[in-house]
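So you can see what is in the structure, the chains are spelled out below.
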Amino acid sequence: MSRRVVRLDLRGSGDGATGEVTALLSDDSRHDLTSLLVVDDVATLGRHRLAYETLLASRYTDEVLCVAVGRADADPPRIALPGSLTQAAGVLWVPDPCGINWRLATAAPATRRDRREGPEAGLTCLLDVLTLADVFRETLRLIERIPGLVANPGIRLAWMGDGRSDFLLALRAACVRTLASGSARPPDFPAASAAQPALRPVRLRKGGPLANQVSQARAAVDEAAALGNELGEAMSLFSGPVLADTAVTAAGHSVGLLRDKLEELLIAAHGTARLDAGPEEAIDRAGVVLPPPEEFDAAGTRDSISAYLASGLDAGIPLPRLIEGLDQRQDRLMPSGSRALVPALHRACPDALVKGLSDPEPMPGPQPWLPAVGALAAAMAALSPFGPASGLVMALLWTLLVTLTVLRGPGARRLGHTGALCLNAAAAGAAGAVTGLVVTDPLPPPVWPFLLVAALAGAVWTVRESWRSRTMRWLAACHLDEAERAIDEMLSVAAAAAGEWARAGARIETADAVARMNAALAHVAAVLRDHVDQPNGHHAGPSRRDRRVEHFLADLVRAAMAPRLRALAAGSTAEHGEQAGQKTAELFAEWEEHVAQHGTHDPPPFATEWVIEAATGSDEDLTELTEAASQDPHAAMWQLCLAQDLSLLDVGTEPPAVVRFAPQHCRTAMEGALPAGITWVPSARHAGTLRLVPVRPGVAYQSWTDELEAEQEGRR
């Protein structure tokens, strides 16, 4: 069933009424004419007979309600209704569009309405109510039960103003909220479409400067690690010299040189725009093979901005915040240039690592516990028959072994270990001499040879383990494993730079597209601001917040931006801004025209249906809505006639037909307090009672000839 009532105003059309009907029926944009509200002058109803016959015979409409405006001036007063109209439609007769206040009773007095409300204030309210599809159908159903199908309307509304004025006030309030700065933060851009592709390894031309330097650095680090491991072998103390410290220094120089060359490249190829000849030459000279340039993804950018705007508008985020978010997005998209990666390069290979490799610390000195082992070995040797002589010889051997670990150590600082060597010599010598002098009785032959061999073997083994432990500590302090990782991380930085160079063009085009949409949205906001600031008498005074209007305004912004989003890949920001502003102004005009034709509750063509929300009104609001929708049909109402027209109405003894209506979103709160038969409407502001008072028999009659034909017949 149609949810829209189409309004056709034939007043003032004269002999052109048939043409207007034909134009309506042939308008392809009017998809549904099922429910038609026709407004016409009483004086021209007869002349429009052919227009009504054309309309009712079209089979496009089967629900027609005619509002006939004007007094019956004949004597006695009579209204000629086209026969086709009375057979297929209902008629509401409105003798005076301003109306009176009147209680439904035969002798009840009438009071005048304030004409400053507008000459057609009552008619405007009536038409606004009748554009509610459910009220329209219920009114038509009740009129079809009235003899003659003609009634005079009386209304009682919770809201009694001019529908258009109320709409303009609500629209202005919605615009003010949409333009408020507020504290809301812009929504995040969707991550899926904006995610960057996985980082590819950097490609280096074989034989190029960077490729050679990478190979040299890796080889130097590998050689240093191999010599370091060889240095830590058990017998390396007694074999030929192992130049591990020299290899580590060479590795440090190679790694540092690789970092310097990469830094030079990042600076030489730096740019915040597309690559030009200078940076490309520097990249080629370094031997970096650039990946294919990334293409601008217009569809992905469009989807991302559309989702961003939809998310923000759905959440009620003001346009200034959405514009701010687009500004931030544009800033993030602009290429930062390869120079911005220099800090990352230094984090990958810090100065401390290069310095530590280039100038390695000396191997740690003899452990503090070594003198005790030397003293024990010398004392054991002194228990032989040779006494102190054998102890001193063992002390000398011990001192020579410890001195050898110092002399053979990488990066050795001999003078720095003099104290440790003297301590080892003194401890061993003293222990050997004292033990030999104190123990005068030599041990039996099976024992002292064993102790002498054990002392010698223990001394050699202890010194060898001391050497091995210290070389391992020195090798760990060189951080050769970190050097290998630093090379890989520096190549990752180079890969990021290559990706930055390859994406620069696409990122700039994307940023330009965001800038175009930003300009378009700014012009949309400017038109909204002009709509708030424009001088208009209807905009004076306070207004309540109307969430339906806010929803439709958000849809207007979407509709204004839709053409710009489709064309975001081309054009200047000025063109996009100007066209977005023009489209916004056109949509405002279209909306106001739609309100004039269909009322404020009906979604304009660009809008989506509004989801009814739960009632949030105050108790006072609900009380007023309830009183209006439960009005006693005999009580005083706004009757759309003059006092002299009351004699033409059939007051009768039966209760008059009434249409009671109230907002659907208040149904839960109001239903228990209202009489049965309420028509629940989607409008958030419409509640009241429509009273249908029949006209007396004979006041309205059917006419099957129009006035022009009657005049011609009279002349004959």
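What comes next concerns the included structure.

Rules behind the numbers
- Residues numbered from 1 in each chain as written.
- Predicted model: local features only at pLDDT ≥ 70, side-chain atom pairs only at ≥ 80, totals over all residues.
- Heavy atoms only, no water.
- Salt bridge = Lys/Arg side-chain N within 4 Å of Asp/Glu carboxyl O.
- Helix = DSSP H or I, 4+ residues; strand = E, 2+ residues; numbered from the N terminus.
- Buried < 20%, exposed > 50% of the residue type's maximum accessible area, 1.4 Å probe, protein only.
- Polar contact = N/O pair within 3.5 Å; in protein donor to acceptor, adjacent residues only side chain to side chain.
- Contact = heavy atoms within 4.5 Å.
- Expected span 1.5 Å × (residues − 1).
- Patch = residues over 30% accessible without salt bridge, like charges linked within 9 Å, V, L, I, M, F, W, Y side chains within 5 Å.
- Areas by Shrake-Rupley, 256 points an atom, 1.4 Å probe, with all protein chains shown as cover.
- Lys, Arg positive; Asp, Glu negative; His and termini not counted.
- Charge placed at Lys NZ, Arg CZ, Asp CG, Glu CD.
- Axes fitted to C-alpha atoms, helices over the stretch in contact; angles between N-to-C directions.
- Left-handed = near helix turned anticlockwise from the far one by under 90°.
- Nonpolar A, V, L, I, M, F, W, Y, C, P; charged D, E, K, R; others polar.

1. As for the pattern of salt bridges
Counting across every chain of the model gives 20 salt bridges. Of the charged contacts, one joins Arg-285 and Glu-281 as a salt bridge, the two residues approaching to 3.5 Å between their closest N and O atoms. Of the two residues, Arg-285 and Glu-281 both sit in helix H10 (residues 277-286), 4 residues apart, roughly one turn of that helix. With respect to burial, Arg-285 and Glu-281 carry one shared label: exposed. Beyond isolated ion pairs, a larger network of salt bridges with shared partners links Asp-9, Arg-11 and Glu-120.

2. A look at the side chain of Arg-156
Tracing the backbone shows Arg-156 in strand S8 (residues 150-157). One polar contact links Arg-156 to Gln-631, side chain to side chain, over a distance of 3.3 Å. Leave out the neighbours within four places in its chain, and Arg-156 touches Glu-624, Glu-627, Ala-628, Gln-631, Met-637, Ala-687, Gly-688 and Thr-689.

3. Quick word on helix H8 (residues 209-231)
Under the 1.5 Å per step criterion, the end-to-end length of H8 is 32 Å for 23 residues, consistent within 8% with the ideal 33 Å. Residues of H8 that are buried include every one of Leu-210, Ala-211, Gln-213, Val-214, Ala-217, Ala-220, Val-221, Ala-224, Leu-227, Gly-228 and Leu-231, and no others. Along its buried surface, H8 packs onto strand S9 (203-204), helix H9 (244-268), H10, strand S10 (288-289), helix H18 (448-478) and helix H19 (480-533).

4. Here's the deal with unusual backbone geometry
Not every positive phi belongs to a glycine, and Arg-59 is a case in point at roughly 70°. Despite not being glycine, Leu-149 shows a phi value in the positive range, around 60°. By the secondary structure assignment, Leu-149 is in the loop between helix H5 (133-143) and S8.

5. Considering a negative patch on the surface
Taken together, Glu-294, Glu-295, Asp-297 and Asp-303 make up a surface patch of like negative charges. Within the fold, Glu-295 resides in the loop between S10 and helix H11 (298-314).

6. Looking at a nonpolar patch on the surface
A surface patch of nonpolar side chains, amounting to about 370 Å² of accessible area, comprises Val-434, Leu-437, Val-438 and Val-439. A residue is classified by how much of its surface remains accessible, and Val-439, at 34% relative accessible area, is partly exposed.

7. What to know about the packing of H19 against helix H20 (residues 547-566)
At their nearest, the axes of H19 and H20 sit 10 Å apart, and the two run at 145° to each other. In this structure, the crossing between H19 and H20 has a hand that is right-handed. When H19 is examined against H20, the residues Met-517, Ala-520, Leu-521, Val-524 and Leu-528 are found in contact with a partner set consisting of Leu-553, Val-557, Ala-560, Met-561, Arg-564 and Leu-565. Taken together, the residues that form the contact of H19 with H20 break down as 10 nonpolar, no polar and 1 charged.

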